[in-house]
Amino acid sequence: MLQEQEENYERKLFYQKEEIHKQELKSLNRQIFVSNLKAWIIGIILVAEIIFLIGFLNKSGLMSEESDAVNKIAVIRYNQEVTEAFTTKVMEKMDKIFEDEGYKSVLFIMGSPGGSPTASEELSEYLKAFQKDMNVTMYVDSIAASGGYYIASSVKPLIANKNAIVGSIGVIMPHYNFGELAKKVGVEEDFMAAGKFKKPISMFAKIDDENRKYMTEHLLQPTYENFVNAVAKNRGLSREQVLAVAEGKIFVANAPKIKGILVDKISSLYKVKKEMRKVYGDEIDFVDINLEDKKGFFPAVKVDLDLSTAISNLKRQ
């Protein structure tokens, strides 16, 4: 009887120990699972942060373009409004491209609706001079209007996507009249000027006939004439040929009327690159040149209440 009780006690003790062991194994497995899960989450976060950091550095221009190819073709994407700042940046980048012996050519992809007349002239003349030392291929992928076309016309042949918008050879000066609004908020314009035409335009009144004639004759029309003459010279056309497609008119690139006038060849970016590969062989790499502004890690806050830019906003459009 006593022996049987001892056996039962030992059996019960064994089962208790086995149950405790099972619980300990479950707890250990749970801890291992939680630890592995944490490690995976931390790993995913680190990978995401690295990807974000690389993307940020590429976009901000803090990482330079790299290529191991023997021959490189620089790809310039002019896809902004034509401004002095952006044009200067493009020319500075192209200066560096010229200094790098690895670059054999430039693929200039135009996608601008226009902008500053002076910036358009500067880049147009720069491209004509640049081509004397290095080949430039001009391709219009979406739009080359107004100042954008002024720039594109400096390179021949001018190749375009058939659905691209080209032309808009003309000049516009926007003007906004805030006179009625100013009265409502109690703002009155006051200024001093010496000279009848020193201030021909006001943000608080309509332009009168005399000043409108003055601005047209002394600014808009001369700028327009410069535009027409520049395109004629760049394209090897007569002034009359350009005027026939000028006056601010826009065209789809494959319009028969402008073939050989505003556009030389219809193609696609893939085909253009394919043709360029035939020239340099398979040992060629197309390198996208970063034209984005270098940005810091913390955004800057800027308040600008300057209205003078609205008055002097003369654009090729």
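The coordinates are above.
Small disclaimer: the values here were computed from a predicted structure and weren't measured. (Residues numbered from 1 in each chain as written. Predicted model: local features only at pLDDT ≥ 70, side-chain atom pairs only at ≥ 80, totals over all residues. Heavy atoms only, no water.)

Moving on, we get to the pairing of strand β3 (residues 135–145). Side chains on a regular strand alternate between the two faces of the sheet. Here strand β2 (residues 103–112) runs beside β3; their pairing, made up of seven bridges, is parallel. Note on β3: the bridge partner recorded for Ser-112 is Ala-144. After leaving β2, the chain enters helix α3 (residues 117–130) and then returns to the sheet as β3, a path that is right-handed. As paired strands, β3 and strand β4 (residues 158–160) are joined by three bridges and run parallel to one another. Bridging from a neighbouring strand, Tyr-139 pairs with Ile-159 of β4. (Pairing = 2+ DSSP bridges. Helix = DSSP H or I, 4+ residues; strand = E, 2+ residues; numbered from the N terminus. Right-handed = clockwise from strand over helix to strand, strands pointing away.)

Moving on, we get to the environment of Val-287. Within the fold, Val-287 resides in strand β8 (residues 284–288). By relative accessible area, which is 7% here, Val-287 ends up buried. Residues Val-287 and Val-75, spaced 212 residues apart in sequence, show a C-alpha to C-alpha distance of 5.7 Å. (Buried < 20%, exposed > 50% of the residue type's maximum accessible area, 1.4 Å probe, protein only.)

Glancing now at the packing of aromatic side chains. A ring pair, where both rings are aromatic, is described by two values, the distance of the centres and the angle of the planes. All told, the structure shown has six aromatic pairs when counted by the stated rule. Considering the side-chain rings of Tyr-78 and Phe-86, the 4.7 Å spacing of their centres and the 75° angle between planes classify their relative orientation as edge-to-face. Residues Tyr-78 and Phe-86 agree in their burial class; the two are buried. Aromatic pair Phe-98 and Phe-130: ring centres 6.2 Å apart, planes at 70°, arrangement edge-to-face. One end of the pair, Phe-98, is in helix α2 (residues 84–99); the other, Phe-130, is in helix α3, with 32 residues separating them in the sequence. (Phe/Tyr/Trp six-rings, centres within 6.5 Å; stacked < 30°, edge-to-face > 60°.)

Taken as a whole, this structure holds six salt bridges when the rule is applied. One salt bridge connects Arg-77 with Asp-288, and the closest N-O pair in it is separated by 3.4 Å. Note that Arg-77 is positioned in strand β1 (residues 71–78) and Asp-288 in strand β8, a separation of 211 residues in sequence. For Asp-288, a relative accessible area of 46% gives the class partly exposed. In this structure, Lys-278 and Glu-275 form a salt bridge, with 3.4 Å as the shortest nitrogen-oxygen distance. Linking Lys-278 with Glu-275, this pair stays in helix α8 (residues 269–280), spanning three residues, or about one helical turn. (Salt bridge = Lys/Arg side-chain N within 4 Å of Asp/Glu carboxyl O.)

Nothing here speaks to function; it is geometry throughout.
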